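This is what each chain is made of:
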Protein chains: 2
Amino acid sequence: MVAARAGVSRATVSRVVNGSPKVTPDVAHAVQEAIEAMGYVPNRAARSLASRRTQSVALVVPESAARVFADPFFASVVQGVALSLGETDYTLTMLIESELQPGKTRRYLLGGNVDGALVVSHHTGDHSYASLTDSLPVVFGGRPIEGNAPENHFVDVDNVHAAEIAVEHLIERGRRRIATIAGPQDMPPGVDRLAGWRRALERHGLDDSLIEVGDFTPASGASAMRRLLERGEGVDGVFVANDQMAIGAYSSIRAAGLSIPGDVAVVGFDDDNYAASATPPLTTVHQPSIEMGATMARVLVDLIEGRPVESVTFLPTNLVVRASA
Amino acid sequence: MVAARAGVSRATVSRVVNGSPKVTPDVAHAVQEAIEAMGYVPNRAARSLASRRTQSVALVVPESAARVFADPFFASVVQGVALSLGETDYTLTMLIESELQPGKTRRYLLGGNVDGALVVSHHTGDHSYASLTDSLPVVFGGRPIEGNAPENHFVDVDNVHAAEIAVEHLIERGRRRIATIAGPQDMPPGVDRLAGWRRALERHGLDDSLIEVGDFTPASGASAMRRLLERGEGVDGVFVANDQMAIGAYSSIRAAGLSIPGDVAVVGFDDDNYAASATPPLTTVHQPSIEMGATMARVLVDLIEGRPVESVTFLPTNLVVRASA
DNA sequence: TTGAAAGCGCTAACAT
DNA sequence: ATGTTAGCGCTTTCAA
């Protein structure tokens, strides 16, 4: 290690680089200068081999989740993760869970290649990662599909509650035949938003039979809306489980010669960047997606470094009222 | 290295793990079994320290990065990169260029932490990475903003040509007052698509003064369209530099009481997943975004491993005619 | 507070 | 074809 030409030993340089407290300021300074001057950059591999820490965390993305990237909500979460990690010394390794090579991801994670993992996805499958929790710090985006073990960490929003608020809004606007386009029922947000819709309706004694399920894509929203309309039972409002499907629903509503919100009011979920510029601008539940990602990263780093963290973090949502309802 | 309990030396195990040809099948087999049995996973850090290869590549995302993830086109490119890399032994490290810590990315890349880098972004700034080219294999997504040095590798589509085709379509449909909502003029796709629009118009002797510039976001598309309409010079067709802005333009066209494509026909660019479910479905230029990402990854790996590669790869586009024009 | 020395787990000549 | 022997560049006891 050439930087030892600052007149000290490699050990001392190492101490300076790692910000050890027990180095005389003078010496530290001299070393810093030598480092600058020589453009020294520590070798990650060597460092991690010696210290048994990798300074990197994995972002696990289930592949069926090709979807993940197409979904603006996820994209924001990833962005938040990346930005937040950028301020630390951790590096982000993206792992796409390949169906062709099952176990590859798992082996990678357990092989000591990362100090922790972030798992984002709406999907059921995630749960398989829960078992990693006791060998590696893991933080999930969104609650697990079923009961949560106390040692699982995740950050989420209260989907049930947020959905209720959204539906209440529709009711306040005088709507009585309120349908929903739900998300996949094997994903927590899909289940929870549907539950919230139902709860609000029940509270007001309204019919809760107008349900169609989509898969969070615009196309599925369009066809779900079409089915809803074809029932011929009348619909004057619809709560859609995400904005992408809401935009799809717009098409079908218009194709049926109906107006928004005149004939049918629509409320979405996510507040992605299409929501505001849709025609009409979409009333929707805002989720702090970037912050969710940032929080996941922060929690994971705290976990890795042994700082105290709460195992579940809920972030607030709010209804953004625009012109569609 | 305990797996040597297969009765051979660590060197042999190493050979087996790395698929060296000079190992007796029998021995290789025995070692494989020992590996399975013991659940052995090679340590990346040690391996990379010894071999001076990291088996990982960086995905560099310049910009306040926000944009990149919000843009479905980029999201697909990233997805393609990740999927393609998933089939190799390379790992993907995401680097967000932070404005707060300039040089951090650069140092990381030059610090021998990765075997190569992928740079995606529309932005001018990229060019600063061109200088990395001679210290590290680098593949760019999209051509550099200015003249390209022969040693720079990139994969792209022919934006000028694709835009021409799109505008020709508008002309064939009988449109004569054809405007464009261009992308930022410091980004190659922004410049090239505008050039293609102009070229087609000139060829037909049509007016090429109806230009407004946006920044690829839906909101900017909406306001650009509004400005175009407010000119009061008449517009019966518009070529928009990306789908997100096209969707934004839809709003303004409708807000002005005009119909699509009756009063103004619109053609977009990207064929992102909102295009097909817009109302009306958007006619747009399809870019093989996932494949672009996959190609970038493939080219980079070839470069790293010293296989022959062509320095620029153009992928084909095609016009997808739907209902908006 | 600093230096010396011993590895971290693996690969890569060099022998055999 | 396989084993031996050195390191890769850093961190980390342990002494001084």
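Residues numbered from 1 in each chain as written. Chains lettered and ligands numbered in written order. Predicted model: local features only at pLDDT ≥ 70, side-chain atom pairs only at ≥ 80, totals over all residues. Heavy atoms only, no water.

1. Let's talk about the interface of chain A and chain B
No. 1: Each partner contributes residues to the interface: chain A has 44 residues there, and chain B has 45 residues.
No. 2: Contact between chain A and chain B buries roughly 3,800 Å² in total, counting both sides, with carbon and sulfur atoms accounting for 60%.
No. 3: Going through the elements one at a time, α3 (44-51), α4 (66-70), α5 (72-86), β2 (91-97), α6 (104-110), α10 (218-230) and α11 (243-255) of chain A are the ones with two or more residues in the side of chain A that touches chain B.
No. 4: Sorting elements by how many residues they give to the side of chain A that touches chain B places α5 of chain A first, with seven residues.
No. 5: Among the residues making up the side of chain A that touches chain B, the classes are represented as 22 nonpolar, 15 polar and seven charged.
No. 6: Bridge analysis of β2 of chain A against strand β2 (residues 91-96) of chain B gives three bridges, and the strand direction is antiparallel. Bridging from a neighbouring strand, T93 of chain A pairs with T93 of chain B of β2 of chain B. (Contact = heavy atoms within 4.5 Å. Buried area = accessible area lost by both parts, 1.4 Å probe. Helix = DSSP H or I, 4+ residues; strand = E, 2+ residues; numbered from the N terminus. Nonpolar A, V, L, I, M, F, W, Y, C, P; charged D, E, K, R; others polar. Pairing = 2+ DSSP bridges.)

2. Observations concerning the packing of α5 of chain A against helix α12 (residues 289-304) of chain A
All names here are of chain A.
No. 1: The geometry of α5 relative to α12 is characterised by a closest axis approach of 6 Å and an angle of 45° between their N-to-C directions. Relative to α12, the element α5 lies oblique. Between α5 and α12 lies a crossing whose hand is right-handed. Here F73, S76, V77, Q79, G80, V81, S84 and L85 of α5 lie close against α12, whose contacting residues are S289, I290, M292, G293, A294, M296, A297, R298 and V301.
No. 2: Of the residues assigned to the contact of α5 with α12, the class counts are 10 nonpolar, six polar and one charged. (Axes fitted to C-alpha atoms, helices over the stretch in contact; angles between N-to-C directions. Parallel < 35°, antiparallel > 145°, perpendicular 65-115°, else oblique. Left-handed = near helix turned anticlockwise from the far one by under 90°.)

3. Quick word on the relation of the copies chain A and chain B
No. 1: For the pair chain A and chain B, the best superposition has an RMSD of 0.1 Å and corresponds to a rotation of 180° with a translation of 0.0 Å parallel to the axis. On this basis, the relationship between the two copies can be described by a two-fold rotation axis. (Least-squares fit on C-alpha atoms with pLDDT ≥ 70 in both.)

4. Some points on the protein's contact with DNA strand C
No. 1: Residues in close proximity to DNA strand C total 28 residues, the closest being T12 and T24 of chain A together with R10, S14 and Y40 of chain B.
No. 2: Those atoms of DNA strand C that come within 4 Å of the protein belong to sugar or phosphate at a rate of 64%.
No. 3: In the model, a phosphate oxygen of DNA strand C is placed 2.5 Å from a nitrogen or oxygen of the T12 of chain A side chain.
No. 4: Here a base oxygen of DNA strand C and a backbone polar atom of A50 of chain A are 3.2 Å apart. (Near = heavy atom within 4 Å. Polar contact = N/O pair within 3.5 Å; in protein donor to acceptor, adjacent residues only side chain to side chain.)

5. Describing the sheet that holds strand β8 (residues 237-240) of chain A
Residues and elements named next belong to chain A.
No. 1: The sheet built from six strands is open, its strands ordered β7-β6-β8-β9-β10-β12 with mixed pairing. Looking at which strands have only one partner, the edges of the open sheet turn out to be β7 (211-213) and β12 (318-320). Between one strand axis and the next, the sheet turns by 20° as a mean value, whatever way the strands run.
No. 2: Each of β6 (178-182), β8, β9 (265-270), β10 (283-286) and β12 touches helix α8 (residues 159-172); the most contacted strand, β9, lies at about 160° to it.

6. Regarding the side chain of S84 of chain B
Residue and element names in this part refer to chain B.
No. 1: Position of S84 among the secondary structure elements: in helix α5 (residues 72-86).
No. 2: Given the relative accessible area of 13%, S84 is considered buried.
No. 3: Of the polar contacts made by the side chain of S84, one reaches the backbone oxygen of A294; its length is 3.5 Å. (Buried < 20%, exposed > 50% of the residue type's maximum accessible area, 1.4 Å probe, protein only.)

7. Thoughts on the protein's contact with DNA strand D
No. 1: In the vicinity of DNA strand D there are 28 residues, among which R10, S14 and Y40 of chain A together with T24 and V27 of chain B approach most closely.
No. 2: What you see for DNA strand D is that sugar and phosphate hold 58% of its atoms within 4 Å of the protein.
No. 3: A distance of 2.9 Å separates a phosphate oxygen of DNA strand D from a polar backbone atom of S9 of chain B.
No. 4: Broken down by secondary-structure element, the contributors of at least two residues to the surface near DNA strand D are α1 (10-17) and α3 of chain A together with α1 (10-17) and α3 (44-51) of chain B.

8. Some words on the sheet that holds strand β11 (residues 312-315) of chain B
No. 1: If you walk across this open sheet you meet the 12 strands as β11(A)-β5(A)-β4(A)-β3(A)-β1(A)-β2(A)-β2(B)-β1(B)-β3(B)-β4(B)-β5(B)-β11(B), and the pairing is mixed. Every other strand in the sheet has two partners, leaving β11 (312-315) of chain A together with β11 of chain B as the edge strands with one partner each. Strand after strand, the sheet turns through a mean of 20° between neighbouring axes, direction not considered.
No. 2: Relative to strand β5 (residues 153-157) of chain A, strand β4 (residues 138-141) of chain A runs parallel, the two sharing three bridges. Bridge pairing in β5 of chain A places G141 of chain A opposite V155 of chain A.

9. Remarks on the pairing of strand β3 (residues 116-120) of chain A
All names here are of chain A.
No. 1: Buried residues dominate β3, accounting for five of its five residues.
No. 2: Pairing between strand β1 (residues 56-62) and β3: four bridges, direction parallel. Paired with A58 across the bridge in β3 is A117.

10. Here we look at the pairing of strand β3 (residues 116-120) of chain B
Residues and elements named next belong to chain B.
No. 1: Neither face of β3 is exposed, since G116, L118 and V120 on one face and A117 and V119 on the opposite face are all buried.
No. 2: Pairing analysis gives four bridges linking β3 to strand β4 (residues 138-141), with the strands arranged parallel. If you follow L118 over to β4, its bridge partner there is V139.

11. Quick notes on the nonpolar core
No. 1: L59, L85 and L92 of chain A together with L59, L85 and L92 of chain B are the most contacted members of the largest nonpolar core, which has 52 residues in total.
No. 2: Not counting residues within four places of it along the chain, the set of residues in contact with L59 of chain B comprises V78, L92, T93, M94, L95, L118 and V120 of chain B. (Core = buried A, V, L, I, M, F, W, Y, C linked by side-chain atoms within 4.5 Å.)

12. Digging into unusual backbone geometry
Residues and elements named next belong to chain A.
No. 1: I260 connects to P261 through a cis peptide bond whose omega is 0°.
No. 2: With respect to the secondary-structure elements, P261 resides in the loop between α11 and β9.
No. 3: Phi is positive for Q55, which is not a glycine, with a value near 55°.
No. 4: Looking at the secondary structure, you find Q55 in the loop between α3 and β1.

13. Regarding the environment of G196 of chain B
All names here are of chain B.
No. 1: In this fold, G196 is placed in helix α9 (residues 188-203).
No. 2: A relative accessible area of 0% means that G196 is categorised as buried.
No. 3: C-alpha of G196 to C-alpha of V321: the two residues are 125 residues apart in sequence and 18 Å apart in space.
No. 4: When near neighbours in sequence (up to four residues on either side) are disregarded, G196 contacts V160, A163 and E164.

14. Some points on the pattern of salt bridges
No. 1: Counted under the stated rule, the structure contains 24 salt bridges over all chains.
No. 2: In this structure, R322 of chain A and D271 of chain A form a salt bridge, with 2.5 Å as the shortest nitrogen-oxygen distance. Of this pair, R322 of chain A sits in the segment after β12 while D271 of chain A sits in the loop between β9 and β10, and the two are 51 residues apart along the sequence.
No. 3: Accessibility expressed as a relative area gives 23% for R322 of chain A, which makes it partly exposed.
No. 4: The partner of R203 of chain B in a salt bridge is E164 of chain B, with the nearest N and O atoms 2.7 Å apart. Placement of R203 of chain B in helix α9 and of E164 of chain B in helix α8 (residues 159-172) is noted, with a sequence separation of 39 residues between them.
No. 5: We classify R203 of chain B as partly exposed; its relative accessible area is 48%.
No. 6: Shared partners join several salt bridges into a network, and the residues in it are E164, E168, R199 and R203 of chain A. (Salt bridge = Lys/Arg side-chain N within 4 Å of Asp/Glu carboxyl O.)

15. Thoughts on the packing of aromatic side chains
No. 1: Evaluated as defined, the whole model comprises seven aromatic pairs over all chains.
No. 2: Measuring from ring centre to ring centre gives 6.3 Å for F154 of chain A and F314 of chain A, while their planes differ by 90°; the resulting arrangement is edge-to-face. Here F314 of chain A lies in strand β11 and F154 of chain A lies in strand β5, a separation of 160 residues in the sequence.
No. 3: Taking 5.6 Å as the distance between ring centres and 50° as the angle between the ring planes, the aromatic pair formed by F73 of chain B and F74 of chain B counts as tilted.
No. 4: A cation sits over an aromatic face here: R193 of chain A above F269 of chain A, 3.7 Å from the ring centre. (Phe/Tyr/Trp six-rings, centres within 6.5 Å; stacked < 30°, edge-to-face > 60°. Lys NZ or Arg CZ within 6 Å of the ring centre and 35° of its normal.)

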